[in-house]
Amino acid sequence: MIDLGEGVITLLDQRLLPAEERRLSLTSTEEVVRAIASLAIRGAPAIGVAGAMGVALAARRALDAGDDPAEAARAAAAALRVARPTAVNLGWAVDAQLARARDVAAHGPQRLVATLEDAARSLQGAEVRRCEQIGAHGRALIGRGARILTHCNTGALATGGYGTALGVIRAAHEADPTVRAVVDETRPLLQGARLTTWELGRLGIAYTLICDSMAASLMADGRVSDVIVGADRIAANGDVANKIGTYGLAVLAREHDVPFYVAAPTSTVDLSTPSGRDIAIEERSAEEVRGVQLEGRPAAPSDAPVANPAFDATPARLISAIITERGIHRPPFERTLVAALEAAES
Ligand code: MRU
């Protein structure tokens, strides 16, 4: 989905899916920042990979131009880490690249660039492996014939490969082909309708697409057995920032006795953020909300005042379990997440 070549990053432009499969070639930091901010590439682990590749790209281009790659890496990191504020993976991946650059600086510019390129590629491989492990753990939670509701897009597009919440659905479906997905369209940018359906279709997993507002009715009718979502940042107390609408689903799931699971790699856990209230929530442009058209006509007045928070924070008390590559973590998350991170570091 995203590849780093010598001086170029290529990726599938997610803004055009499902109508068109077109790859973008990015050759500058500005282009990578724009691709992340405009959601050509999106999803917490995937923007972490793009950020790491962006730092390596800047260093490579500086080397080729006879400039200082370490300085270029620092400037790129500063621009990339603020491209989107909510997913911790972006800042985490960029900072890890800077730490590596410092470690190898004494070995000369060639070595520095090669190290950053290798590290960006191995981060992608590591995220895919983490997702596969999340799927392997998470499938144990899913009963026969499950009807799993998911929100936004958490598949290979969002992670670099395999997927988190979609990875669990995928693994559960491998074990039991009668497992089906219920896909929230995910207003305003329709990541569920455009991307999750596209991925499920390619995987041969049956699904039903619903408007976000239909989830309560389906749960009340017993047509949802589980809810599984991804995460953009998991705070130390287990509160989870994820795509706007996730919090509402968690409230509904609690009311209807439906288990509510979060699937995310440990790279999304941020112990330095105490709770969901401390997570910066990205506010996006009003046009994303009021620009929607019905039969070619604007559906809202062009000057309608709009609120457009791209994410919300779901309190830990509404979450049945968090699934990482280390296993299934139950409340109290203050304890179990720390243990997961310690295990990840050892
Ligand atoms: O704004 P987006 O499309 O980047 O939001 C993505 C999500 O909220 C995903 O659910 C989250 O990043 C988990 S991706 C495995």
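Residues numbered from 1 in each chain as written. Predicted model: local features only at pLDDT ≥ 70, side-chain atom pairs only at ≥ 80, totals over all residues. Heavy atoms only, no water.

K.L.:
Is there a simple way to explain the side chain of Thr-115 in this structure?
P.N.:
Here Thr-115 lies in helix α5 (residues 109-138). Residue classification places Thr-115 among the buried residues on the basis of a relative accessible area of 19%. Beyond its immediate chain neighbours, meaning those up to four positions away, Thr-115 contacts Arg-100 and Val-104. (Helix = DSSP H or I, 4+ residues; strand = E, 2+ residues; numbered from the N terminus. Buried < 20%, exposed > 50% of the residue type's maximum accessible area, 1.4 Å probe, protein only. Contact = heavy atoms within 4.5 Å.)

K.L.:
Looking at this structure, I do not really get the pattern of salt bridges. What am I missing?
P.N.:
Any two side chains of opposite charge can pair, given that their charged atoms come close. Applying the stated criterion across every chain, the model contains 15 salt bridges. Asp-270 is the salt-bridge partner of Arg-233, the closest N and O atoms lying 2.7 Å from each other. Of this pair, Arg-233 sits in strand β8 (residues 233-235) while Asp-270 sits in strand β11 (residues 269-270), and the two are 37 residues apart along the sequence. Among the residues examined, Arg-233 registers a relative accessible area of 14% and is labelled buried. Given a relative accessible area of 8%, Asp-270 falls into the buried group. For the salt bridge of Glu-282 with Arg-284, the shortest nitrogen-to-oxygen distance reads 2.7 Å. Here Glu-282 and Arg-284 have matching classes, each one buried. Beyond isolated ion pairs, a larger network of salt bridges with shared partners links Arg-84, Glu-282, Arg-284 and Glu-288. (Salt bridge = Lys/Arg side-chain N within 4 Å of Asp/Glu carboxyl O.)

K.L.:
Is there a simple way to think about the sheet that holds strand β16 (residues 327-329) in this case?
P.N.:
Sheets are built from strands paired through backbone hydrogen bonds, the pairs being either parallel or antiparallel. Spatially, β6-β5-β4-β7-β10-β15-β16 is the arrangement adopted by the seven strands of the open sheet, whose pairing is mixed. If you trace the sheet from one side to the other, it starts and ends with β6 (207-210) and β16, each paired once. Each adjacent strand pair in this sheet contributes to an overall mean axis angle of 25 degrees, direction not counted. Sheet topology note: the strand β4 (residues 147-150)/strand β7 (residues 226-229) ladder contains two bridges and is parallel. For Leu-149, the partnering residue across the bridge sits in β7 and is Val-227. In the packing of helix α8 (residues 191-203) onto the sheet, the strands contacted are β4, β5 (180-184) and β6, and the crossing angle to β5 comes to about 160 degrees. Strand contacts of helix α10 (residues 246-255): β4, β5, β7 and β10 (260-263), with the helix running at about 145 degrees to β10, the strand carrying the most contacts. (Pairing = 2+ DSSP bridges. Axes fitted to C-alpha atoms, helices over the stretch in contact; angles between N-to-C directions.)

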